[in-house]
Each structure stands twice: as C-alpha cells, then as structure tokens.
Amino acid sequence: MQNILDPKVLEQFRQEHKLQPYRIRQIEQEIFHNANIDFADMTTLSKEMREQLAADFSVVPLTVDRIDECKETSKFLFQTSDGNVVESVLMYHFHKDKKTKKEKLNRMTLCISSQVGCSVGCIFCVTGKMGLKKNLDRTEVLGQVLYVNNYIKKRFGKREDGTLFRVRNIVFMWMGEPMMNYSAVKKTSEYLTDTRYFWLSQRRVTISTSGVIPSMEKFIDDKLPVSLAFSLHAPNQTLREELVPTIAKFYTLDKLMAVLDRYTQETGNEVMYEYVMIKDKNDMHEIAHQTGTLLQGRKAHLNLIPYNENPAIDLEESDAKQIRQFQKIVLSYGVPVTVRENMGREKKSACGQLGYEKVVATLTQQK
Ligand code: SF4
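Residues numbered from 1 in each chain as written. Predicted model: local features only at pLDDT ≥ 70, side-chain atom pairs only at ≥ 80, totals over all residues. Heavy atoms only, no water.

Draft legend 1. Region of interest: the overall build of the protein. Broken down by element type, the protein carries 13 helices and 14 strands. Along the three orthogonal principal directions, the C-alpha set of the protein runs to about 70 × 50 × 50 Å. Each of the 367 residues in the protein was classed as buried or not, and the buried ones make up 54%. Partitioning the contacts of the protein with sequence separation of at least 6, the portion at a separation of at least 24 is 65%. As displayed, the protein offers around 16900 Å² of accessible surface, 49% of which is attributable to carbon and sulfur atoms. If you average the places of the 52 positive and of the 46 negative side-chain charges in the protein, the two averages end up 4 Å apart. (Helix = DSSP H or I, 4+ residues; strand = E, 2+ residues; numbered from the N terminus. Buried < 20%, exposed > 50% of the residue type's maximum accessible area, 1.4 Å probe, protein only. Contact = heavy atoms within 4.5 Å. Areas by Shrake-Rupley, 256 points an atom, 1.4 Å probe, with all protein chains shown as cover. Lys, Arg positive; Asp, Glu negative; His and termini not counted. Charge placed at Lys NZ, Arg CZ, Asp CG, Glu CD.)

Draft legend 2. Summary view of the pairing of strand β13 (residues 300–306). Of all seven residues in β13, seven are buried; the element is thus mostly enclosed. With burial as the criterion, each face of β13 is covered, one bearing Ala 300, Leu 302, Leu 304 and Pro 306 and the other bearing His 301, Asn 303 and Ile 305. Where β13 lies against strand β14 (residues 337–339), three bridges are found, and the strand directions are parallel. If you follow Asn 303 over to β14, its bridge partner there is Thr 338. Where the polypeptide runs from β13 across helix α12 (residues 320–331) and back to β14, its parallel neighbour, the crossover connection is right-handed. (Pairing = 2+ DSSP bridges. Right-handed = clockwise from strand over helix to strand, strands pointing away.)

Draft legend 3. The arrangement of the layout of surface pockets in detail. Reported here for the second largest pocket is a volume of approximately 340 Å³. In terms of lining, the second largest pocket is formed by 17 residues, of which the most central are Thr 163, Leu 164, Arg 166, Val 167 and Phe 198. Split into classes, the residues belonging to the lining of the second largest pocket amount to eight nonpolar, four polar and five charged. (1 Å grid on protein atoms, 1.4 Å probe; cavity = no way out; pocket = protein on both sides within 12 Å on 5 of 7 lines; lining within 4 Å. Points joined across faces, edges and corners; volume = space filled by probe spheres on them. Nonpolar A, V, L, I, M, F, W, Y, C, P; charged D, E, K, R; others polar.)

Draft legend 4. Spatial organisation of the domain arrangement of the protein. By the assigned domains, the protein splits into domain 1 (2–58) and domain 2 (62–366). Placing the centre of domain 1 and that of domain 2 at their C-alpha centroids yields a distance of 33 Å. At the junction of the two partners, domain 1 supplies 14 residues and domain 2 supplies 15 residues. For the pairing of domain 1 and domain 2, the buried interface totals around 1300 Å² over both sides, and the portion due to carbon and sulfur atoms is 55%. (Domains from an automatic or database assignment. Buried area = accessible area lost by both parts, 1.4 Å probe.)

Draft legend 5. Main features of the confidence of the model for the protein. When the pLDDT values of the protein are averaged, the result is 91; 93% of them are 70 or greater. A low-confidence stretch, residues 359–367 stays under pLDDT 50, and its non-local contacts, those more than four residues away or across chains, total six contacts. (pLDDT = per-residue confidence, 0-100.)

Draft legend 6. Looking closely at the nonpolar core. Ile 4, Leu 90, Phe 219, Tyr 273 and Leu 302 are the most contacted members of the largest nonpolar core, which has 107 residues in total. For this core, the element with the most residues is helix α5 (residues 138–156), which contributes eight residues. When residues of this core are assigned to domains, at least three fall in each of domain 1 (2–58) and domain 2 (62–366). Filtering out sequence-adjacent residues up to four positions away, Tyr 273 remains in contact with Phe 230, Leu 232, Met 257, Leu 260, Leu 295, Arg 298, Ala 300, His 301, Leu 302 and Asn 303. Val 89, Met 91, Val 171 and Met 173 belong to the second-largest nonpolar core, a separate cluster that totals six residues. (Core = buried A, V, L, I, M, F, W, Y, C linked by side-chain atoms within 4.5 Å.)

Draft legend 7. Broad picture of the sheet that holds β13. Reading across the sheet, the ten strands line up as β3-β4-β5-β6-β9-β10-β11-β12-β13-β14 and stay open at both edges, with mixed pairing between neighbours. With partners counted over all chains shown, the strands left at the sheet margins are β3 (62–69) and β14, one partner each. Each strand axis lies, on average, 25° off the axis of its neighbour in the sheet, ignoring direction. Across three bridges, the pairing between strand β11 (residues 227–231) and strand β12 (residues 271–277) is parallel. Within β12, the position partnered with Ser 231 by the bridge is Glu 274. The strands touched by α5 within the sheet are β3, β4 (73–80), β5 (85–96), β6 (103–112) and β9 (169–172), with β6 carrying the most contacts at an inclination of about 165°. The strands touched by helix α6 (residues 182–193) within the sheet are β9 and β10 (205–209), with β9 carrying the most contacts at an inclination of about 175°. (Axes fitted to C-alpha atoms, helices over the stretch in contact; angles between N-to-C directions.)

Draft legend 8. Representation of the pairing of β5 in the model. The element β5 is extensively covered by neighbouring structure, given that nine of its twelve residues are classed as buried. Two strands pair when backbone bridges link them, and β4 and β5 are joined in this way by seven bridges, in the antiparallel orientation. Opposite Leu 77, over in β5, you have Glu 87 as the bridge partner. Hairpin connection, β4 to β5: the antiparallel pair is bridged by four residues, and Gly 83 has positive phi, about 85°. Two strands pair when backbone bridges link them, and β5 and β6 are joined in this way by eight bridges, in the antiparallel orientation. Paired with Met 91 across the bridge in β6 is Thr 109.

Draft legend 9. Here's a closer look at the environment of Asp 222. Mapped onto the secondary structure, Asp 222 falls in helix α7 (residues 213–222). Asp 222 gets classed as partly exposed once you look at its relative accessible area, which sits at 35%. Residues Asp 222 and Lys 186 lie 36 residues apart in sequence; the distance between their C-alpha atoms is 8.9 Å. What Asp 222 contacts, discounting residues up to four positions off in sequence, is Tyr 182 and Lys 186.

Draft legend 10. Main features of the side chain of Ser 210. On the secondary structure map, Ser 210 appears in the loop between β10 and α7. Residue classification places Ser 210 among the buried positions, given a relative accessible area of 6%. Within the structure, Ser 210 has its side chain in polar contact with the side chain of Glu 177 (distance 2.6 Å). Each residue touching Ser 210, except ones within four places of it in the same chain, is listed here: Val 120, Glu 177, Phe 230, Ser 231, Arg 240, Val 244 and Ile 247. (Polar contact = N/O pair within 3.5 Å; in protein donor to acceptor, adjacent residues only side chain to side chain.)

So, in structure tokens, the structure goes:
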C-alpha cells in the first residue's frame, strides 16, 4: 500500500480519477488540519473518494503496538512495516486556571524518533546500547506526528476557542541521532513548518544533535527554519570523549563550538545546550566553572537534565543539591541555565530510557 504523503503519488491518483486540483487540498486539509488518519473519518470528501483512497493508500505507515499513559506523558510504541519498533513520547504541560484554580492542560510537546536505535552510543543512554537498526524515512517520522495529533484529537477534543488540541512543540531528540539521518529530518522539518501542512513556527520545532559536524554545516547552509539544540554533556574534550565515545573523537569540542558560533552568527538564534547531570562524572564544581567559561559570551542557554537511572547502565543521577550548585556556578558567568523537570520516569519515557524494555530483555537473556 502506498503512502499518501508523497505529493507525486497523490497527483497521480488525482489524474487517474479525473479529480479537480482542489481535491488534493481537501485531502491535505483533512490530514493536516483536521488531524484525521483514517479515510473513513474524512467526511468533507465524498464516500466514493474515501473508499478509493482507502483501497490504495495509508496515511500513517506505522502500526501502534502499545500506548503507555501516565499523568505527565504518553509513550507510543510504533511498529514499522519491516517489523522494527520505534518510540515517541508526548509530554503534557499543565497550568493553573486563574479563575477556577484548577490544573488545566496548557500545551503538549512531542519528542519524535529519527532512527531505530542509535550508533552514537552515549554511555548514559539505553537507546545507544541497541546500536543502529535503521534510518526512518520521511513518512515514518511524519507518521509519528500525524498519529499523535489524531490521538490528541480523540482524547482531548477541542479547546474553549473551538480549535483542536494538537502538538505545539516538536523535538527530534528521541530514538536516534537526527543529524545522522539528515535528509529525512530536513524533509520532515520542511513539512512541520510549512503553512500548507503543520504550520509550526521555527521556535516550536527543534533538532537536537550530539554533534555531527558535516550535517550541522549542511543544516546551516540550508537555512532550515527550525531551532537547534546541542548535547554538550561535557565542557572539555577528554570528558566528552568518555561520555559520547563514538563521535566526540572525530568531531572535537573546539570544532563543534566553531560550527555552533557560525550558526548563531548566521541565524541570530540562540543554541540550547543540553547537559545530562551524572553523579561524580560531569557534575563537579570545577566542571561547572569550565562550562560557564565555555558558554560565557555565547548566545547560549544551558539546560541541565537530571540523569534517568536504569538497570541497564551503571551510572547515578546527580543529587538535587549538586545540580542547584552547578546551576548557580554557571549562572555566575552570565549564562542562562534551567533545570529540566524529568517527566515520564515511571513509564520509562524519560530521556535516555528509550528502548528500555528491549535492552533490559536482551541483557536478561545474556545473563
Ligand atoms: S543520547 Fe541520543 S545520540 Fe546519544 S546514544 Fe542516545 S539516542 Fe543516540
């Protein structure tokens, strides 16, 4: 079955069925604006057309194995048509309603995968233990967003103003290193920000990379209208090679900082520096001073992420006091620093825990 997200395929369908050009736009509206992924639900189309489309096409080329829900997150386990499993996590952000004082759903962020597994092998990440299984194609990446928008529509319906609840922020930071599947990530980003499709602003789509220089250079040259986050994790080359062993040797910290500087100069955008806080590895005071020195004067925002412990990896989370002190030291260099609230731990949906079950199952078998 063909996927409908290919404009050429859709145009071919239109010609074969002698449809007016505006019909294409109608189909797109149903998918992207009305958040429908089942042709039977696309009631602005004729019954005949819905049946023709259903016979030839799929909208989401993934099947859903399971959805794990908790108050803060929903984790989606998708299966690709070739039998691989890939995950996405939807995070719910609440705020207190001024009038009722009750907690209300405010916005949702979706973390999507660009690969099945990952070859970067960061020592704190369960996905890295899987190795790389395959690159996802554009339709498999977009399919995650389309499926989740449809899930949100069914679960939450409309806002008070009559518009549909939908994903507001998208981050390429779940399974995989997006810059190692740059061509699919680029095409997906174009869809996400195009007013014809998802119409998300640049600020609301972020590519998070552990530092793959050739693709980062392309990303700058292509002027992709999305934001950039860089997984720093260490302010010096020796420590970075320990934490991000496979690529840090080739793409050294000094070269990476030069590319990131070029990015801020050419775009005027800030870079979000991600930093997983691991006890006695990268959370010491002297490391905080080095981090402050590295980022001082740069258009940078540091995001400290408490490490998520899991049985597959022998590392510990920094304690809260240490994280606060680290934050204070870096702040003293004039660098904005936030500490990320870790969501979804109970469902193994937090950062570094993706592929958790698969890895734990493999390790158990090996024992
Ligand atoms: S943290 Fe990201 S880049 Fe590193 S191994 Fe995990 S998925 Fe890959």
